Amino acid sequence: MSDSKYVTLVSSDGYEFVVLREATLVSPAIKSMLDPNSQFSEAITGRCIFQEISGTVLEKVVEYFQYWYKNRDQDQVPDMEVPVELCLELLMAADYLGLDNVDH
């Protein structure tokens, strides 16, 4: 099992993002992948490869993870900037990662 404080998220086009593990756990999908009791290779390697998420979109997802982690205990949270041209792809990635059902 990878007990690193960080995990690596890899996009479909090969971009790698090293992210604080705790920040990624807001995603039920990633949380399941990294569960030490699971049979997923990601739990051992600490690397999650997303063949269906581009680097541009994954970069914004990672930004969201960091944004969520930084503001998780705040009542007044500023809006996060999202480029209009990424909205559809971000919605699809959010759905895939289970972020559409997260209570903030």
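That block above? That's the structure.
Residues numbered from 1 in each chain as written. Predicted model: local features only at pLDDT ≥ 70, side-chain atom pairs only at ≥ 80, totals over all residues. Heavy atoms only, no water.

Novice: For this particular structure, what's the right way to read the sheet that holds strand 3 (residues 47-49)?
Specialist: Pairing between the strands of a sheet comes from backbone hydrogen bonds, and it takes one of two forms, parallel or antiparallel. Here we have three strands laid out as an open sheet, ordered 2-1-3, and mixed in their pairing. If you trace the sheet from one side to the other, it starts and ends with strand 2 (16-20) and strand 3, each paired once. Within this sheet the neighbouring strands show an average axis-to-axis angle of 25°, counted without direction. Strand direction decides the pairing type here: strand 1 (residues 6-10) and strand 3, joined by three bridges, are parallel. Counterpart to Val10 in the pairing with strand 3 is Ile49. Of the strands in this sheet, strand 1 and strand 2 are in contact with helix 4 (residues 55-71), which crosses strand 2 at around 10°. (Pairing = 2+ DSSP bridges. Helix = DSSP H or I, 4+ residues; strand = E, 2+ residues; numbered from the N terminus. Axes fitted to C-alpha atoms, helices over the stretch in contact; angles between N-to-C directions. Contact = heavy atoms within 4.5 Å.)

Novice: Before we go on, may I ask you to explain the nonpolar core in this structure?
Specialist: Burial of nonpolar side chains together is a common tendency in soluble globular proteins. Formed by 26 residues in total, the largest nonpolar core has its most connected members in Leu9, Ile30, Phe50, Leu58, Val61, Phe65 and Leu97. Mapped by element, the contributors of at least two residues to this core are strand 1, strand 2, helix 2 (28-34), helix 4 and helix 5 (87-97). The biggest single contributor to this core is helix 4, with six residues. Setting aside anything within four residues of it in sequence, one finds Leu58 in contact with Leu9, Val10, Ser11, Phe17, Phe50 and Ile53. (Core = buried A, V, L, I, M, F, W, Y, C linked by side-chain atoms within 4.5 Å. Buried < 20%, exposed > 50% of the residue type's maximum accessible area, 1.4 Å probe, protein only.)

Novice: Which parts of the structure should I look at to understand the environment of Gln74?
Specialist: Counting through the fold element by element, Gln74 comes out in the loop between helix 4 and helix 5. Looking at Gln74, the relative accessible area reads 45%, which means it is partly exposed. Each C-alpha atom of the pair Gln74 and Leu97 lies 23 Å from the other, and the pair is 23 residues apart in sequence.

Read these as spatial facts, not as claims about activity.
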